[in-house]
Each structure stands twice: as structure tokens, then as C-alpha cells.
Amino acid sequence: MISLLKDSSELKDIFEKIETGQRLSFQDGVRLFKSRELTAIGYLANHVRERIHGKKVFYNNYLNLNPTNVCEVACLFCSFAKLPGEEGGYTMPHEEIREKVRCAVEMNGIREVHIVGGLNNAVPLDYYFDIVSTVKSVNRELFVKAYTAVEIDYFAKRGQMSCKDVLVELKNRGLDGLPGGGAEIFSENIRKKICIKKMGAREWLDVHRAAHELDIRSNCTMLYGHVEDVEDRVDHILQLRKLQDETGGFNSFIPLAYHDDNNPLARYVEARETDGITDLKVYAISRLLFDNIFHIKGYWTTVGIKLAQVALSFGVDDIGGTAFSEKIMHAAGAESPVELSREELVELIKKNGFQPCEVVSSYDKIFSTQ
Ligand code: SF4
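Cut-offs and rules
Residues numbered from 1 in each chain as written. Predicted model: local features only at pLDDT ≥ 70, side-chain atom pairs only at ≥ 80, totals over all residues. Heavy atoms only, no water. Pairing = 2+ DSSP bridges. Helix = DSSP H or I, 4+ residues; strand = E, 2+ residues; numbered from the N terminus. Axes fitted to C-alpha atoms, helices over the stretch in contact; angles between N-to-C directions. Contact = heavy atoms within 4.5 Å. Near = heavy atom within 4 Å. Nonpolar A, V, L, I, M, F, W, Y, C, P; charged D, E, K, R; others polar. Buried < 20%, exposed > 50% of the residue type's maximum accessible area, 1.4 Å probe, protein only. Salt bridge = Lys/Arg side-chain N within 4 Å of Asp/Glu carboxyl O. Polar contact = N/O pair within 3.5 Å; in protein donor to acceptor, adjacent residues only side chain to side chain. Right-handed = clockwise from strand over helix to strand, strands pointing away.

Caption draft 1: A look at the sheet that holds strand E9 (residues 318-321). Here we have 3 strands laid out as an open sheet, ordered E9-E1-E10, and parallel in their pairing. Across the chains shown, the open sheet's two edge strands, defined by having one partner strand only, are E9 and strand E10 (355-358). Along the sheet, successive strands turn relative to each other by an average axial angle of 25°, direction set aside. On the sheet, helix H17 (residues 342-350) packs against strand E1 (56-60), E9 and E10 and is oriented at approximately 165° with respect to E1.

Structural data, given as C-alpha cells:
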């Protein structure tokens, strides 16, 4: 059956590279994206996924904390942020943050807090820094994954510090890891269309390099399914793979599907939402191209529960997590539930014949296999 699939496939040479552990090239990645052989691509990605992780599926029990949605940057794909003075803008006081975290610990038993938000000039820099210590003051054991490279760069500019100094400051207050947001698509041409005011690819990579040098591990992302083409996706993935060769500091890669509700991107350029085939291809091809990042995360919040379940057989080994209080994807029209309990998440993993493994973003300890 397998040799039949391989022998009849236009991707036969890629099958051979995967079987013999050879690294795929830029051209291989483009060919995979342009191929119609979804089953063969899925088979290959699952082969690699099972070689690394067997039937394990990782997940986090975590709280999403978005301390402020006020942001100066106005990325065209963003449905979450409000401009300064715009109706609906909010900034949470530290006391509210402490209470939110305390409730999530007591009621949901969370082990991790994921913090990202807007770039808000109206609050002092210490407001951001102190959020990390505020979260840690609830429970020192909580894993704090905070601030995208875009936020770190913004703090550095505001404080006239280097990004490294900002990271040291945050680490001293309890920072455990960085999320991977803000990478979008590295192509400068596409960035000009979708987020002209945001930092460029080189700066994004420099922040993560600096974090890795300080032993702060991070995730990386790719926003896809808007105006990029397949070459942009492969180029993005290979730039991340190159940094991973250098530092080894990325824990996981997270493809993020673009949603077009409540943001102006589709009005300015011909942005389109993705379809299920594109989503599965992005997961599977990422698994095949990243021979040096162990985890591929398929956030059920971005593609929905049913497709996330299928993605577990297309290279994904981490389904995200409970995502208590997720706002960013849902503001853009994600149709998934706002949150899942730990029990619901475990059930949907087990239904597929996989073994649920609860971790925090460092993946250094499995807390539960139920
Ligand atoms: S994506 Fe981030 S930087 Fe861009 S507008 Fe939204 S919150 Fe601001």
C-alpha cells in the first residue's frame, strides 16, 4: 500500500528524502504546496510525526491574558486592537489581572499564562514589566510566556534599552518563555501590504536570537492564508529553520490561519480566508520542512475542533490548549468555541486514538497522560 502510494506519486523523490532523513529544499517545499497529492503529503507528515512523537499529543492548560487592546500599530489583518481613543479600548489594572489569574488557578487548575497585547503609549513601561511579577505573585509555579518580539522591540525603543536588556528585566521578574506572534510572513513585500508599521523580519529574528542567547526559549508562528503565495510561506519557514540551526531555541512552530471578520485587510487587498485543504497542507508541509523543530502546534482555536482533530494525522503533535479567555482569534471570526475544559480537550484527543500529554510550553515535563 505504502510503496503503491510512493511509486505512483509525483513526489517519489521527496518520499525518498523523508525516508532517508534528508533535509528538504526550498524547491521541495514549493512543489509540496503546489501538489494536489494531499493524501501522500499527509502520509509523509504523519510518518515523521510518529517517528518523533509516536501517538503522543501535547496540550497546555492555560489562561490567555491580553492586558490591553489599545495599539498604535494598526496592522490591517488585526481584529483585536483599538486605536488610542477608539471605542472599545481597554487596559486592565494589575489588580484585575491578579484576580483573573487567581480565579483561573483555583477554578481551572491552569499551569501557564500566555500574555500578549497592544502597544499602548498611554501606560508606563513598568505597567508591562510588572504584569509578569503580578502573575508570578499568584503562584510562582505558573509558567509565564509573555510578549511577542514586536512588544519586546517596542519596550526597548520606549525605554531606550536594548532588546536583550528588556529580556533580562523580564526574566528577573519571572518570564519563562516567549510566544511566537508578530512574525506574520517575513516577505517585505507582503509586510508592506498587511502590516507596514510593524517591525521587519530581521528585527523579529534578532529578538528571538537574543532570547535564545539568554536561555529563554520561544515559539515561532506564520500567519498564512491572506495575500501571500506559496513561495512566501516556504521562505518564511526556511528563515525560521535557519535560526533554529543557529540557536536551537524554538520549542514549536504554530501556523495561524488568517480570518477576515472585523479587520480591513480584505477591503484593501484581495485577502481570502483559507480552506481546509490549505490548512492541512500548511501543517503537513511545515512538519516535513522543519527537521529541527520538534513540535508543530495546530491551534484548534484557529481552524476549529474538527479540522484540528484531522491535523493530528497531518503532522501536528500539539493541539494547543484550554485557551481560557481567548480573544484575538475570535475577534477575527474564528468559529471555534471560546474555550475548552481540560476534560473536553483530553476527550477529543483520545477519540482519535492518541495519547494526551499535558505540558507547559517548555515541554520539559509531562504532568498528566490523561
Ligand atoms: S497585530 Fe499586534 S501590533 Fe498589530 S495592531 Fe494587532 S495588537 Fe497591534
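Caption draft 2: Fine view of the site of the ligand. As a structural note, the neighbourhood of the ligand is formed by Cys 71, Val 73, Ala 74, Cys 75, Phe 77, Cys 78, Ala 81 and Lys 198. Residue composition of the shell around the ligand, by class: 7 nonpolar, no polar and 1 charged.

Caption draft 3: Region of interest: unusual backbone geometry. Unusually for a residue other than glycine, Tyr 147 sits at a positive phi of about 75°. Within the secondary structure, Tyr 147 is located in the loop between strand E4 (143-146) and helix H7 (149-159). For Tyr 147, a relative accessible area of 1% puts it in the buried group. For Asp 215, which is not glycine, the phi dihedral falls at a positive 65°. Relative to the elements of secondary structure, Asp 215 occurs in the loop between helix H10 (201-213) and strand E6 (217-224).

Caption draft 4: Focus on the pattern of salt bridges. This structure, assessed with the given rule, holds 24 salt bridges. Here Lys 145 makes a salt bridge to Glu 112, at a shortest N to O gap of 3.6 Å. With Lys 145 in strand E4 and Glu 112 in strand E3 (residues 112-115), this residue pair connects regions lying 33 residues apart in the sequence. Given the relative accessible area of 3%, Lys 145 is considered buried. Where Asp 176 meets Lys 136, a salt bridge forms, and the shortest distance between an N and an O atom there is 2.9 Å. With Asp 176 in the loop between helix H8 (163-172) and strand E5 (177-178) and Lys 136 in helix H6 (residues 125-138), this residue pair connects regions lying 40 residues apart in the sequence. Of the residues examined, Asp 176 reaches a relative accessible area of 30% and is grouped as partly exposed.

Caption draft 5: Just the side chain of Ser 79, in detail. On the secondary structure map, Ser 79 appears in the loop between strand E2 (62-65) and helix H5 (94-108). Within the local environment of Ser 79, its side chain forms a polar contact with the backbone oxygen of Asn 262, the two atoms lying 3.4 Å apart.

Caption draft 6: Geometry of the pairing of E4. Burial of the side chains of E4 extends over both faces: Phe 143 and Lys 145 are buried on one face and Val 144 and Ala 146 on the other. Once the chain exits E3 it traverses H6 before rejoining the sheet at E4, and the crossover so formed is right-handed.

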